[in-house]
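Structure at a glance
If you want the building blocks of each chain, they are given just below.
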Amino acid sequence: MASMEIRLAIIILFASSVSGQDSCPPDWVMVSDTTCVQFNDQYKLTWSQAQQTCNNFAATLIRFASNSDVNSFANAATVRSVDGWWSGLNNIGHTDTWTWGGDEQVVPGALAWAVEPTDTHHVENCVSIYIDGTLSDDPCDQQMGYVCTYPFPTGGMCAAPFSAYGTQCQYASPLNNVTRLLSWADAKAACAAMRTSGQPATLAVFKDINSYQNLQITLASLSPTGKRWVGLNDQATERVWKWSDDTTDSDTSFLNWRQYPNQSTTTGCGLVHSNGQMEQADCQQLHHYACKKDVDLDLYLEDSEMGCPSPWLRGGRKCYYFGSNITVTMAAARTFCTSNGGRLLHLQSLDEQDWVAQQTVRLRRGTLWTGLQRSADGSSTWIWDDGSAADPMLTNWNVEPNDSGDYGEDCAYLTSDGVYNDNNCFTRISYVCELETTQQCPTGWLDWTGSQRSCYYISNNTQAGRANWMEAQNKCRQMAGQRGAHLVAITTQDEFNYVVSLFKSNPWSGYWTDLSDAQVEGYWQFATRRGEIPLTINWAQEPNNQGGHENCANMYPGGHLNDVTCNAKALVLCEKDVPGLTSDARLSSTAVSYTSLLIFLSGVKAILT
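Here is a short report on the structure shown in this document. Sequence order sets the numbering: in each chain, residues are counted from 1 along the sequence as written. Reporting of local features is limited, given that this is a predicted model, to residues whose pLDDT is at least 70; pairs of side-chain atoms are given and counted only at 80 or more, and all residues count toward the totals for whole chains, interfaces and linings. Working from all heavy atoms in the structure, the side-chain values ignore hydrogens and water.

Notes on the overall build of the protein
Numbering of helices and strands runs from the N terminus, with a helix taken as a DSSP run of H or I at least four residues long and a strand as a DSSP run of E at least two residues long. Helix and strand counts for the protein come out as 11 helices and 35 strands. Counting the 609 residues in the protein, one finds 51% classified as buried. The contact criterion used is simple: two residues touch if any of their non-hydrogen atoms lie within 4.5 Å. For the protein, restricting intrachain contacts to residue pairs at least 6 apart in sequence, the fraction spanning at least 24 positions comes to 71%. To be clear on the numbers: accessible area is Shrake-Rupley with a 1.4 Å probe, and residue cover counts the displayed protein chains and nothing else. Taken as a whole, the protein presents about 27,300 Å² of accessible surface, with 53% of it coming from carbon and sulfur. A 1.4 Å probe rolled over the protein chains alone gives each residue an accessible area, and that area as a share of the maximum for its type sets the label: buried under 20%, exposed over 50%, partly exposed in between.

What follows is the structure, given as structure tokens:
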């Protein structure tokens, strides 16, 4: 019976530790009891780039194992301002079978194919046509080819490059020239600018079945295949279709909207809409994406939190974005960083340099553009791209810079082992951005920047502010999103002075600390920061272990401590390390997990004894 009770206690301990929204990382949404989802609606990627980005966060593109998963996703997605998310669904390498990721089979009932038009948020308001003549509504800013038409001139002929089909002159732009891939508005302007025999051209207009079929004949003869813009759109009113010549035709019954999956398209990737329905899309198109990860028993002890937009990582007072899923020139990397409110990496301390170097190794980031560049062509002096001087003590070169090559090497990237190399600025590699942030601590916490970077929470003198020792520990973790918070653990004199100063505006008796001698009687140590050495403990004619059960420590105004029973009610004083940069934070991914294991084992030991 005792063995069964121990197993039950362990199960309850784990189950309670992962319940609620705090089980997901910051900026992730808990869509079910076991699933966290991150909706990236800030920028668009190809399917493979989105897949790699999710993998960087130990996640996958969204996938569904049941109809319940689809409904849970839809409930969370319908409140987003955009629609259309890359999922893990694809038939790459196996065109006759659809799988999640590489080889996970699709469970019956976990996939609902869509029928165009698929827009549910009024964000897909312009219509494109496939080579088989089927139609799709798409975001009007998407870049693709286009089809122009104008009425066949009476007694004349179509002007080049237009060709005559029935009552129309038609032109389809090439798809193998990226400079001719345009947004819907730009495609409309390009048609209007084309020379015709006196008739203005517009994006393709087909108001009857004959002109529609003639357009399909034109498309069927083209290569390569792909989508092109036509004149149909519902930008003014959802589902009220107008043509690019600003006319409206009430009869749209002859239009052939695309159904998925479509056999005329061999390879595709799954674009899931906010209603949970799946569309077969070109894997090279740019779309938003949604990542999925299971609720983790480690509670996602990550560096990303407090003031950093997902998927940026927190490091000290900066947020960092490691763009390792795509390769771009130095100028393109700078544009991405600035367009998101940041800049390319500017290292400003040895501590920051050490932390960033560890991320490139720990996260396998590879080579990354930074903001470091030559002050002038051929110069041996290096500056940051805003013109500020670069500290040579912070540029760890590896037998570089050598300025080799015909076009010079005037830009610097960071290698996977944390050292610099100079390279041609037009080389395409990944990059790292940084973003200054003023938010240091969770809401309601106090920011202290003494010998270490920490946040503190001190409760008020109310009954609701009181708790026993274990309740106080849990309250600290809950208020900080489960990430590395604990009762105050003083290790330096200046931290002691700061904590004592907090009592001046909160002069009430008895605040819990992290000190306990529950493991070894008379040996006072931190309960959640094993290995840390407490500052010399300032006991107030204590400890006396009255009654033999005083194993937790209270702190009073002035900094004196007293041992009391852990079931007593006292006020709460919490501490939380700021993620990144400090030596404690660098070790957090391993040390905190190790500490969590020790706490768990201590709980098991307590049950056994």
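Considering the state of the cysteines
Cysteine sulfur atoms are paired as a disulfide whenever they fall within 2.5 Å. For the structure on display, the rule yields nine disulfides. In this model, C54 is linked to C291 through a disulfide, with the two sulfur atoms separated by 2.0 Å. The disulfide joining C54 to C291 has a torsion of about -85° about its S-S bond and is therefore left-handed. Of this pair, C54 sits in helix 2 (residues 47–56) while C291 sits in strand 17 (residues 287–294), and the two are 237 residues apart along the sequence. A relative accessible area of 0% means that C54 is categorised as buried. The exposure class of C291 is buried, given its relative accessible area of 0%.

Concerning the pairing of strand 25 (residues 429–436)
Side-chain positions along a regular strand alternate between the two faces of the sheet. Of all eight residues in strand 25, seven are buried, a share of seventy percent or more. Note: two strands are recorded as paired if DSSP finds a minimum of 2 bridges between them. Note: strand 20 (residues 343–344) against strand 25, two bridges, orientation antiparallel. In the sheet register, L344 faces strand 25, and the bridge partner there is C433. Pairing between strand 21 (residues 368–374) and strand 25: two bridges, direction parallel.

A closer look at the packing of aromatic side chains
Here a Phe, Tyr or Trp ring, Trp counted by its six-membered ring, pairs with any other such ring whose centre lies within 6.5 Å, and the pair is stacked when the planes are under 30 degrees apart, edge-to-face when over 60, and tilted otherwise. One pass over the full model with this rule turns up 23 aromatic pairs. Centre to centre, the rings of W98 and W113 are 5.1 Å apart; their planes meet at 70°, and the pair counts as edge-to-face. Taken together, the positions of W98 in the loop between strand 4 (85–90) and strand 5 (99–100) and W113 in strand 7 (residues 112–113) put the pair 15 residues apart, joining distant regions of the chain. The exposure class of W98 is buried, given its relative accessible area of 15%. Taken together, the aromatic side chains of F39, F64, F73, W85 and W100 make up a single cluster linked through ring pairs. Lying over the aromatic face of Y130, R258 brings its terminal NZ or CZ to 3.5 Å of the ring centre. Distance and angle both matter: a charge sits over a ring if NZ of Lys or CZ of Arg is within 6 Å of the ring centre and within 35 degrees of the ring normal. Geometry around W28 places K293 over its ring, the cationic atom sitting 5.1 Å from the centre.

Some words on the pairing of strand 32 (residues 552–555)
A two-sided burial pattern is seen for strand 32, the buried positions comprising C552 and N554 on one face and A553 and M555 on the other. Across three bridges, the pairing between strand 30 (residues 511–516) and strand 32 is antiparallel. Residue W512 lies in a different strand from strand 32, and its bridge partner there is N554. The antiparallel pairing of strand 32 with strand 33 (residues 561–564) creates a hairpin that spans five residues between the two strands, and G558 there sits at a positive phi of about 100°.

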